[in-house]
Amino acid sequence: MMKKKILLASILVLLISGISVWYYVFVYSKNHHREVANEKGITVAAREIVKEFQLNEKTANGKYLNKAVVVTGEVSDIKTDQAGQITVTLKSDDTFSNVFCTLKSGNLKPEIGKTIRVKGICNGFLSDVVLNEAILENTPQ
Amino acid sequence: MKKLVVFCFVTSICISLQAQKIYATKTGQVSFNASSPIEKIAGVNNQVDSKMVDKSGQIVFSILIKSFKFENQLMEDHFNENYLESTKFPKADFKGFITNIGTVDFTKDGKYPITVEGTLTIHGVSQKISSQGTLVMSKGKPAISGVFKIKIKEYGVTGLYIGDKIANEAEITIDCKYE
């Protein structure tokens, strides 16, 4: 009698854990994506982060890669990418190397010439420092 | 007379130099697909940096691994952490040439078949590759598209599920609109 109960209980536990793993891998992870708004970002000026990457990419990657970053800078360019997402370029001191951000859809549209704060996930450095999944934050005037 | 010849020569060089044009994009699209019959494994990168020179056919693609977005967050995390090791190797790139660039008329709208050859570097490993593709000129702007396959293990990418849940070969799709 006792044995049967233990067996039944262990089957139940196995079943529940199996279902939880399946749910986490195939359902939860599909519907729950990383949300930059919920993360505390590292605050930095556009010109500073570009300088850091130019000076030593490896060190800068160690500091910023895959982290939420809040970058302040002047908007020099606004475009739409091939998937229809809005992209914003924040000016640095170097004409050829800036901060390039792809915004999440449904965001407010920025304006060229204005200084804004963009919070996004730093994906690394090509000719620009690249931010993805970014959102606009209110600038304290 | 001699001066005139030199003058003509120098002017023609200047004209031909001016005529060289570099097309570029920072928002090219590259997709990665290593789906097996068991599971869909596909990511899209919309932050591809690419440049192309019309005269020489030189072409470069620079890619950040972390810019690949997957439908499933867990899959994206595994792709970055366990397979491509994107903290150690944040970038992938391709440097090469369109070998039949002479057959492309950049002044005329149309569809041109192209052959691209060069070196692809993923996960810190470089391999020579060659692929067929298409260059479309539309309103004076070129767009390049193409599909090719790579053997994942040739790039030093190892993992439990390759050849099982993950296909041995990944299909890479390029779709870049230049300005």
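Everything below is about the structure shown above.
Residues numbered from 1 in each chain as written. Chains lettered and ligands numbered in written order. Predicted model: local features only at pLDDT ≥ 70, side-chain atom pairs only at ≥ 80, totals over all residues. Heavy atoms only, no water.

Novice: I'd like a rundown of the side chain of Asn61(A), residues and numbers included.
Specialist: Looking at the element boundaries, Asn61(A) is found in helix H3 (residues 57-64). The residues contacting Asn61(A), other than those within four sequence positions of it, are Phe53(A), Gly124(A) and Pro90(B). (Helix = DSSP H or I, 4+ residues; strand = E, 2+ residues; numbered from the N terminus. Contact = heavy atoms within 4.5 Å.)

Novice: Describe the environment of Leu131(A), naming the residues involved and giving the relevant values.
Specialist: With respect to the element layout, Leu131(A) can be found in strand E6 (residues 129-137). For Leu131(A), a relative accessible area of 0% puts it in the buried group. Distance in space between the C-alpha atoms of Leu131(A) and Asn66(A) is 9.4 Å, their sequence separation being 65 residues. Setting aside residues no more than four positions away along its own chain, Leu131(A) makes contact with Val69(A), Val71(A), Val99(A), Phe100(A), Cys101(A), Thr102(A), Val118(A), Gly120(A), Ile121(A), Cys122(A) and Gln47(B). (Buried < 20%, exposed > 50% of the residue type's maximum accessible area, 1.4 Å probe, protein only.)

Novice: Let's hear about helix H2 (residues 46-55) of chain A: which residues, and what values?
Specialist: If you check which residues of H2(A) are buried, you get Ala46(A), Ile49(A), Val50(A) and Phe53(A). The buried side chains of H2(A) occupy one side of the element, clustering within an arc of 100° when seen end-on. (Arc of directions from axis to C-beta.)

Novice: Summarise the pairing of strand E3 (residues 58-64) of chain B; cite the residues concerned and give the values.
Specialist: Residue and element names in this part refer to chain B. Where strand E2 (residues 42-53) and E3 come together, four bridges link them in antiparallel fashion. The residue bridging Met52 from the neighbouring strand is Ile59, located in E3. Between E2 and E3, which pair antiparallel and follow one another directly, the connecting turn spans four residues, one of which, Gly57, has a positive phi of 80°. (Pairing = 2+ DSSP bridges.)

Novice: A description of the pattern of salt bridges should follow, citing residues and the corresponding values.
Specialist: Overall, the coordinates contain 21 salt bridges over all chains when judged by the stated rule. Taking the shortest distance from any N to any O, the salt bridge between Glu35(A) and Lys104(A) comes out at 2.9 Å. Placement of Glu35(A) in the loop between helix H1 (2-31) and strand E1 (42-45) and of Lys104(A) in the loop between strand E4 (97-103) and strand E5 (115-125) is noted, with a sequence separation of 69 residues between them. Between Lys88(B) and Glu85(B) there is a salt bridge, with the nearest N and O atoms lying 4.0 Å from each other. (Salt bridge = Lys/Arg side-chain N within 4 Å of Asp/Glu carboxyl O.)

Novice: Could you give an account of unusual backbone geometry, with specific residues and numbers?
Specialist: Even without being glycine, Asn66(A) reaches a positive phi, approximately 70°. For Asn66(A), the position within the fold is in the loop between H3 and strand E2 (68-80).

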